[in-house]
Amino acid sequence: MNINNLYHGLPSALPAEMIETLAGNNHVRIERIVSRGHCSPPGFWYEQAENEWVIVLKGQARLRFERGDRVLLLNAGDHVDIPAGERHRVDWTIDDGTDTVWLAVFYPEPPQQ
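The rules behind these values
- Residues numbered from 1 in each chain as written.
- Predicted model: local features only at pLDDT ≥ 70, side-chain atom pairs only at ≥ 80, totals over all residues.
- Heavy atoms only, no water.
- Helix = DSSP H or I, 4+ residues; strand = E, 2+ residues; numbered from the N terminus.
- Rg over C-alpha atoms; globule rule 2.2 N^0.38 Å.
- Buried < 20%, exposed > 50% of the residue type's maximum accessible area, 1.4 Å probe, protein only.
- Contact = heavy atoms within 4.5 Å.
- Phe/Tyr/Trp six-rings, centres within 6.5 Å; stacked < 30°, edge-to-face > 60°.
- Lys NZ or Arg CZ within 6 Å of the ring centre and 35° of its normal.
- Core = buried A, V, L, I, M, F, W, Y, C linked by side-chain atoms within 4.5 Å.
- Salt bridge = Lys/Arg side-chain N within 4 Å of Asp/Glu carboxyl O.

### Some thoughts on the overall build of the protein chain
Next, step 1: On a plain count of helices and strands, the protein chain comes out with zero helices and eight strands.
Next, step 2: Sequence-ordered secondary structure for the protein chain, helices as α and strands as β, is β-β-β-β-β-β-β-β.
Next, step 3: Radius of gyration (C-alpha) of the protein chain: 14 Å, near the 13 Å computed for a compact globule of 113 residues.
Next, step 4: Taken along the three principal axes of its C-alpha coordinates, the protein chain extends 50 × 40 × 25 Å.
Next, step 5: The buried share among the 113 residues of the protein chain stands at 33%.
Next, step 6: By sequence separation, contacts in the protein chain at least 24 residues apart represent 65% of the contacts at least 6 residues apart.

In C-alpha cells:
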C-alpha cells in the first residue's frame with residue numbers, strides 16, 4: 001500500500017487532457033482528470049452507459065448538458081452527479097496556466113429488484 005497525492009505527477013506540458021484510472025473493478029472506476037484549457041471537441045457529446053459523479057478539486061470548468069441546454073460553472077469543491085445516458089460536454093476549463101483537477105467516479109445503476 002502506497003500513499004499517493006492527486007496533485008503530484010502533473011506534467012509540465014499537457015497537449016491533451018490527462019486521464020488516469022486510480023482504482024476500480026468490474027463495477028466502479030475512479031479517475032483523475034487534469035485539464036489545462038482543454039474542452040470537448042466541437043459537436044462532441046459524452047453519453048456514457050454509467051453514471052458519473054465528478055468533482056472539481058482545483059481550477060474551474062463549465063459543463064453543458066444537451067437536455068434543456070443547461071450550463072453549470074464548477075469551481076473547486078463543486079460536484080455533480082450525471083445520470084447514465086445524459087449527454088454532456090466540457091465547454092471550457094480555465095486557461096491561465098492553472099490545472100483543473102477533477103475526480104470522477106463512474107458507477108452502474110443498481111440492479112432492478
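This is not the end of the story, as more comes after the structure.
### Let's talk about the packing of aromatic side chains
Next, step 1: Counted according to the given criterion, the structure contains one aromatic pair.
Next, step 2: Seen from the ring of F106, R29 lies directly overhead, with NZ or CZ sitting 4.1 Å from the centre.
Next, step 3: If you follow R70 out to its NZ or CZ, it ends over the ring of F65, 4.8 Å from the centre.

### Topic: the nonpolar core
Next, step 1: V54, L63, L74, V80, I82 and W102 are the most contacted members of the largest nonpolar core, which has 13 residues in total.
Next, step 2: Of all the secondary structure elements, the ones that give two or more residues to this core are strand 3 (51-58), strand 4 (60-65), strand 6 (79-82) and strand 8 (100-107).
Next, step 3: Excluding residues within four positions of it along the chain, L74 makes contact with V56, G59, Q60, A61, L63, V80 and W102.

### Quick notes on the environment of L103
Next, step 1: Looking at the element boundaries, L103 is found in strand 8.
Next, step 2: Along the chain, L103 and P41 lie 62 residues apart, while their C-alpha atoms are 21 Å from each other.
Next, step 3: Not counting chain neighbours up to four residues away, the residues in contact with L103 comprise L6, L22, I30, E31, W53, V54, I55 and L57.

### Regarding the pattern of salt bridges
Next, step 1: All told, the structure shown has eleven salt bridges when counted by the stated rule.
Next, step 2: For R62, the salt bridge is made with D91, and the minimal N-O distance between the two is 4.0 Å. With R62 in strand 4 and D91 in strand 7 (residues 88-93), the pair connects residues that are 29 residues apart, well separated along the chain.
Next, step 3: Assessed through its relative accessible area of 17%, D91 is described here as buried.
Next, step 4: Across the pair R89 and D91 runs a salt bridge whose closest N-O atoms are separated by 3.1 Å.
Next, step 5: Classification of R89 as buried rests on a relative accessible area of 11%.

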